[in-house]
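# Survey of secondary and tertiary structure
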Amino acid sequence: MDLERQEHGEMKMMKKKKHHVLVVPYPSQGHINPMLQFSKRLSSKGLSPTLATTSFISSAMNLPSTTGPVRLSSISDGFDLGGFPSAPSIGAYLSSLHHSGSRTLAGLLAEFREAGDPVDCVVYDAFLPWVLDVAKVHGIPGAAFFTQACAVNYIYYLVHHGKMRLPLGDTPVRIPGLPPLELRDMPSFICVSGSYPAYFELVLHQFEGIERADWVLVNTFYELEAEVVDEMSKDCPVLTIGPTIPSVYLDKRVTDDKEYGLNLFELDPSDCIGWLQTKPPRSTVYVSFGSMAALNEAQMAEIAWGVKSTGFNFLWAVRTSEERKLPAKFKEEELGDTGLIVNWSPQMEILSDAAVGCFFTHSGWNSTIEALSVGVPMVGMPQWTDQPTDAKLVEDVWRVGLRVLVGEDGIVTREEIRRCIMQVMGNEEMRTNAAKWKELAVASVSPGGSSDRNIDLLVAGIAGP
Ligand code: UDP
């Protein structure tokens, strides 16, 4: 009788045990943010997530063992002391990440198993297809997570499968589910042939072995990219699960999910939110080019004088490494009460503040979907990778902004910057469109919304029958 009772108790314990999901992002801010957020969402749905960054990030940032409900762990990229900046080349870094990452990931999976907490599913960044190989060797299901827009993934998908030949012939390029695309609308690795070969290989390799993935997730929402999601799903069924921004800006169902919570850059100590709150509604331009873009001095000067010449207030995030490129004394003498420059900002808090009327952005996918989710129109100044395509969609499909024109010398002039900001600030049509996307973004992750249903499908699949 006692034995029976004990067995029954154990059965109940086993039933109660939350399924363990290991989430492995590419180690950069733009990939960690959405995958950490997705981990929090999975936790709110009853799973137990662990996010694995790299040993370098973990020690350099002195990461705690958890952030909110998400446990933090690490694998090695082979550069434990210096991370990416210490690698001799992009290719060398990616190859080391692959080899050291595979080895240490296998170790981590074994560790969890030995500790009686085996991993039930690996959600891996599609930039790291080798994670799926390791998971499969360990008999663990895998979900690929694409951090970029579905449109961009589909373009790479077509190139990878030889359905779109490079170099591109006649333009505009016609791809089902997308507007006609000029060369400059294509991801930079395609448009500027031969640029960043290691990264180009990386984005095409996302589809290597994808048919063995148990799920393919994309950080977008169905209503935003319905046609291209449908087209891609004919060949490669995808589940849209975004936006993955903190829940407080969307459905508010994930407890305490107010910020990303894993900054690779130190937040600026200045009270930029307090400063913003002294500004009237829609009076301020927020300027940021993300975590990687490095502009030259001439371009920085055009931005500085162009933004200032609009007469609007502006809040500009300039990373510490970029600050020396600002025009001399600009920060000290030209800002007055209308401008504020910070090194790293709480971007979501800023974008959702009523004072912000326009986001002058590099059109990184996270920045784009963040602005769409809180209804802020944009001026796009794409730099490379997927950004040109994002900016094209913002301007011509979602109609919530403009993309700057680049001069023949590669520089965007202050006059052009001024022209675009003046047109977007206070543009009622763009505001109305942005408000519509905001509403659809919130609905998609709310109960019964398109992303919510897809996440439930994934969770049910992981939990099993
Ligand atoms: N970000 C931030 N503070 C800043 C600049 C950027 O929190 O001062 C965040 C932003 O909210 C976004 C991410 O960093 O989530 C940047 O990702 P994105 O895809 O836009 O660009 P990337 O940095 O990958 O080029």
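Residues numbered from 1 in each chain as written. Predicted model: local features only at pLDDT ≥ 70, side-chain atom pairs only at ≥ 80, totals over all residues. Heavy atoms only, no water.

### Examining the overall build of the protein chain
Operational definition: Only DSSP runs of H or I covering at least 4 residues are called helices, and only runs of E covering at least 2 are called strands; the numbering of each starts at the N terminus. Put simply, the radius of gyration uses C-alpha atoms, and a globule should come to 2.2 Å times the residue count raised to 0.38. The rule is simple: take the accessible area with a 1.4 Å probe, protein chains only, and divide by the maximum for that residue type; under 20% is buried, over 50% is exposed, in between is partly exposed. Every residue pair with non-hydrogen atoms within 4.5 Å of one another is taken to be in contact.
In terms of helices and strands, the protein chain carries 18 helices and 14 strands. For 465 residues, the compact-globule estimate of 2.2 N^0.38 gives 23 Å, and the C-alpha radius of gyration of the protein chain, at 22 Å, lies within 12% of that figure. Per-residue burial over the protein chain gives 57% buried out of 465 residues. A sequence separation of at least 24 residues applies to 68% of the contacts in the protein chain between residues at least 6 apart.

### Here we look at unusual backbone geometry
At the junction of L166 and P167, the peptide bond is cis and its omega measures out at -5° in the coordinates. Tracing the chain through its elements places P167 in the loop between α6 (150-160) and α7 (188-191). Of note, the bond from T171 into P172 is cis; its omega dihedral lies within 30 degrees of zero at 0°. Mapped onto the fold, P172 is located in the loop between α6 and α7. Here K252, not a glycine, exhibits a phi torsion of approximately 60°, which is positive. Of note, K252 is situated in the loop between β8 (239-240) and α10 (272-277). The exposure class of K252 is exposed, given its relative accessible area of 59%. Phi at R399 takes a positive value of approximately 55°, unusual for a residue other than glycine. Residue classification places R399 among the partly exposed residues on the basis of a relative accessible area of 46%.

### Focus: the side chain of T389
Assignment of secondary structure puts T389 in helix α15 (residues 387-396). In contact with T389, not counting residues within four places along its chain, are V152, I155, D185, M186 and P187.

### Comments concerning the site of the ligand
Rules: Whether a residue is near a molecule or strand depends on its heavy atoms: it is near if one of them lies within 4 Å of it. We define a polar contact as two N or O atoms separated by no more than 3.5 Å, with the added condition that, inside protein, one atom must be a possible hydrogen donor and the other a possible acceptor, whereas residues neighbouring each other in sequence contribute only through side-chain atom pairs. What sets the accessible areas is the Shrake-Rupley method with a 1.4 Å probe; for residues, cover comes only from the shown protein chains.
With respect to spatial proximity, 19 residues lie near the ligand, and among them S291, S345, N366, S367 and E370 are the closest. The separation between a nitrogen atom of the ligand and a polar main-chain atom of S345 is 2.7 Å. Between the ligand and the protein, one listed contact pairs an oxygen atom with a side-chain N or O atom of E370 at 2.6 Å. For the ligand, the protein covers 94% of the area, taking 540 Å² as the surface of the free molecule. Counting only elements with at least two residues in the shell around the ligand, the list comes to α2 (29-44), β9 (284-288) and α14 (365-374).

### Structural notes on the nonpolar core
Threshold: Within this scheme, the nonpolar core is defined by two criteria: the residues are buried Ala, Val, Leu, Ile, Met, Phe, Trp, Tyr or Cys, and they are joined through side-chain atoms within 4.5 Å.
With 99 residues, the main nonpolar core has L22, V122, M164 and I175 as its most contacted residues. Apart from residues no more than four positions distant in its own chain, I175 is found in contact with Y154, I155, L158, M164, L181 and M186. Counting residues in hydrophobic clusters, the runner-up holds 29 residues, among them F314, L326, I341 and M381.

### Regarding the sheet that holds strand β6 (residues 142-146)
Selection rule: We treat two strands as partners when DSSP finds at least two bridges between them.
Spatially, β3-β4-β2-β1-β5-β6-β7-β8 is the arrangement adopted by the eight strands of the open sheet, whose pairing is mixed. Whereas interior strands pair on both sides, the edge strands pair on one side only; in this sheet they are β3 (66-67) and β8. Relative to strand β5 (residues 121-125), strand β1 (residues 20-24) runs parallel, the two being bridged by four bridges. Of the residues in β5, the one forming a bridge with V23 is V123.

### Things to note about the pattern of salt bridges
Short version of the rule: When a carboxyl oxygen of Asp or Glu lies within 4 Å of a side-chain nitrogen of Lys or Arg, that pair is called a salt bridge.
For the structure on display, the rule yields 24 salt bridges. We note a salt bridge from E428 to R282, for which the minimum N-O separation is 3.7 Å. Highlighted residues: E428 in helix α17 (residues 428-445) and R282 in the loop between α10 and β9, separated in sequence by 146 residues. You can call R282 partly exposed: its relative accessible area is 43%. Between K308 and E334 there is a salt bridge whose closest N-O contact spans 3.6 Å. Of this pair, K308 sits in helix α11 (residues 297-309) while E334 sits in the loop between α12 (330-333) and β11 (339-342), and the two are 26 residues apart along the sequence.

### A closer look at the side chain of Q299
Positionally, Q299 belongs in helix α11. According to the relative accessible area criterion, Q299 is buried, its value standing at 6%. Setting aside anything within four residues of it in sequence, one finds Q299 in contact with M381, G410, I411, V412 and I417.

### Details of the packing of aromatic side chains
The line we're drawing: Here is the rule: rings of Phe, Tyr and Trp (six-membered ring for Trp) pair when centre to centre is within 6.5 Å. Planes less than 30 degrees apart are stacked, more than 60 are edge-to-face, and the remainder are tilted.
This model, assessed by the stated rule, comprises 21 aromatic pairs. Residues F189 and W384 carry aromatic rings whose centres are separated by 6.0 Å and whose planes lie at 90° to one another, so their mutual orientation is edge-to-face. Residue F189 is found in helix α7, and its partner W384 is found in the loop between β13 (378-380) and α15; the two are separated by 195 residues along the sequence. Judged by its relative accessible area of 19%, W384 is buried.

### Regarding helix α4 (residues 90-114)
For clarity, the cut-off: Expected helix span is computed as 1.5 Å times (number of residues minus one). Two axes define the bend at a residue: one fitted to the seven residues ending there, one fitted to the seven starting there, and the bend is the angle between them.
Relative to the 36 Å expected for 25 residues at 1.5 Å per residue, α4 spans 35 Å between its end C-alpha atoms, a close match to the ideal helical length. Where α4 bends most, the angle comes to about 25°, and this point is G101. Every buried residue of α4 is accounted for by Y93, L94, S96, L97, S100, G101, S102, L105, L108, L109, A110 and F112. Those residues of α4 that are buried lie in contact with β1, β2 (48-54), β4 (70-75), β5, α5 (130-137) and α8 (197-205). G116 sits one or two positions beyond α4 and adopts a positive phi of about 75°.

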